Amino acid sequence: MTRPLVGGPDLASLAQHGMWVTERSGAAGPTPRTTPLPGHPAVYRMPLAVWFDGPMEVGRMLAACGEVVRRHPVLTSTLAERDGVLRLLTGTAEVPVTLAEAPADPLDLAGEGHLDLATGPLARFTLARTGPGRHLLVFAAHHIVFDGMSKDILVRDLAAAYAGEPLPPLPVPYGEAVEDENARVRDRLPGAAEFWRARWHDSRELVLPGLGTPTLHAAPGDAVDFVLGDEVGRTAAPLGLTRFEVVLSALRLLLHAYGNARAAVAVDLSTRTEATREHVGLFVNELPFEVVPSGTFAEFAADVRAELRRMYAYRHVPLARALGGVSPRAALTPVSLSYRSRSEAEPVFPGLAASVEWMMFNGAVRNTLHLQVVDGPRGAAARLQYNPRHLGRDGCESVAADLTALLRGVAERPHAPIDDLPLPSRVAGAGGGTGLQRPRAAGTDAGLVVAVGEIWRQVLDLDHVDPGDDLFDLGGHSLSITQIIAKVRDTMAVDLPFEVFIDDPTVEGVAAEVARQRSLA
């Protein structure tokens, strides 16, 4: 076991706050607890597997895991809400570093249940001997302290520690890095609000082959793996694009061909700076992207590139902080994209041959369809993760085939009009779309409604709030929810569940939940 470094409480980042509030689904006693999103306990678990062949020094490997934790004490954190403010408490949880029996499924080593934000641990290492001269190391962490680029940092540091190389201290403490990021959000908030007011529309309609209804709920998922050939690189270089811009352009064009006139794709944008490029942690922001295809592919992709450049100026600002009317949800839109480029070679562990499973699937999804791409020296691996209760596997495989066919066509004729490219036929029934509805609850005792309305008025700094007003229409966001929950707990001795702000985010809806909980006391 590794003893963590004990530190003080730091403010959580706004990205961490948004993730925390979507997981808060109940309370037990006076201290709120965090539980996973309804639907799957592993939705925010990020597993990583490393296979080793050769004579491993097991004690040396376990010690290397401990060295990585000491360099990145954010992995020893838990989170706690204090007076409506979310704090990151470093050093409050040990990170298990253990030996285990060889599993039938490598994902079994990632651990049962969820990684509890309030009690920890938020990360774990498990090493197993799977055969003569063969070992498997599985690392799992909660996304709230770990992102895609953190995988490269962790494996690189692990290899260095196993080789006996000292791990240098981080350029700045994690708490200081978060303070700097929050300051950037404050500085860019007015510009981000103006930018997104002209672009964001919370449309949850979607048409795909084999799709029933779209979803933004966490659930058990399935995946279709495929390979993006050299067509992406062949297209990017002559057009002056990045490979990410080519993939995003192709995905958005494909959705358009299916009949989605204005389907935004949520893209993960890194918020790392020079000071945080060495940090394990959450330095990513999900933002909606939408450009309507027109002209040739080259012209459309140039428009995509220009819009991304405009977005980058506000990449640190969560959409919910910039705008009202954005309710917390597992994912921002029904379709999303994460793209990560790996320029480094595979890590070197002395005396061992190592192979890293960079895209290990946790078995859960947060929306209808998510395209994950890891582009490395050996090529681009792609995966479509989907919710099988809403989208059939045949439909997902059709999307993968259509995307690869489109990229081949684009590589051959990048200056062709988009209508001349190998695009699929419009999906039957497209145009009407299928939306997601949010139920409304009935009102309750008038005095309680007034009391809850007063709390909303204080938190939102408004002169007046009506009983039927929607929290998000009034400009509320995840921080507002935290503050309302804290004030209701302090003044009414009721711990509100998070779900009420999804099911009925009105004064009447919250008051009804307060009344219901009082009746159970």
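Residues numbered from 1 in each chain as written. Predicted model: local features only at pLDDT ≥ 70, side-chain atom pairs only at ≥ 80, totals over all residues. Heavy atoms only, no water.

**A short note on the sheet that holds strand 13 (residues 284-289)**
Pairing is mixed in the open sheet, where six strands are placed in the order 11-18-17-14-12-13. The open sheet has two edge strands with one neighbour each: strand 11 (222-228) and strand 13. Shown here is a sheet whose adjacent strand axes are inclined to one another by a mean of 20°, direction ignored. Where strand 17 (residues 369-376) lies against strand 18 (residues 379-386), eight bridges are found, and the strand directions are antiparallel. (Pairing = 2+ DSSP bridges. Helix = DSSP H or I, 4+ residues; strand = E, 2+ residues; numbered from the N terminus. Axes fitted to C-alpha atoms, helices over the stretch in contact; angles between N-to-C directions.)

**Concerning the confidence of the model for the chain**
In the predicted model, the chain carries a mean pLDDT of 87, and 90% of its residues have values of at least 70. Mean pLDDT in the chain bottoms out at strand 2 (residues 26-28), which sits at 33, and peaks at helix 7 (residues 297-312), which reaches 98. (pLDDT = per-residue confidence, 0-100.)

**Some details on the sheet that holds strand 7 (residues 97-100)**
Here we have five strands laid out as an open sheet, ordered 7-8-9-4-15, and mixed in their pairing. With one partner strand each, in any of the chains shown, strand 7 and strand 15 (353-357) form the two edges of the open sheet. Across the sheet, the axes of successive neighbouring strands diverge by a mean angle of 20°, strand direction being ignored. Judged from the five bridges that link them, strand 4 (residues 45-53) and strand 15 form a sheet pairing that is antiparallel. Bridging across to strand 15, tryptophan 51 finds its partner in serine 355. Strand contacts of helix 3 (residues 148-162): strand 4, strand 8 (123-131), strand 9 (134-142) and strand 15, with the helix running at about 35° to strand 4, the strand carrying the most contacts. (Contact = heavy atoms within 4.5 Å.)

**Some details on the packing of aromatic side chains**
This structure, assessed with the given rule, holds eight aromatic pairs. Centre to centre, the rings of tyrosine 162 and phenylalanine 349 are 6.0 Å apart; their planes meet at 55°, and the pair counts as tilted. Highlighted residues: tyrosine 162 in helix 3 and phenylalanine 349 in the loop between strand 14 (335-341) and strand 15, separated in sequence by 187 residues. The class of phenylalanine 349 is buried, set by a relative accessible area of 1%. Plain terms: the ring middles of phenylalanine 195 and tyrosine 314 are 5.3 Å apart, the flat faces sit at 40° to each other, and that makes the pair tilted. Placement of the pair is phenylalanine 195 in helix 4 (residues 174-197) and tyrosine 314 in the loop between helix 7 and helix 8 (319-322), with a sequence separation of 119 residues. Overall, the relative accessible area of 7% leaves phenylalanine 195 in the buried class. Through successive ring pairs, a cluster of aromatic residues spans Phe52, Tyr162 and Phe349. (Phe/Tyr/Trp six-rings, centres within 6.5 Å; stacked < 30°, edge-to-face > 60°. Buried < 20%, exposed > 50% of the residue type's maximum accessible area, 1.4 Å probe, protein only.)

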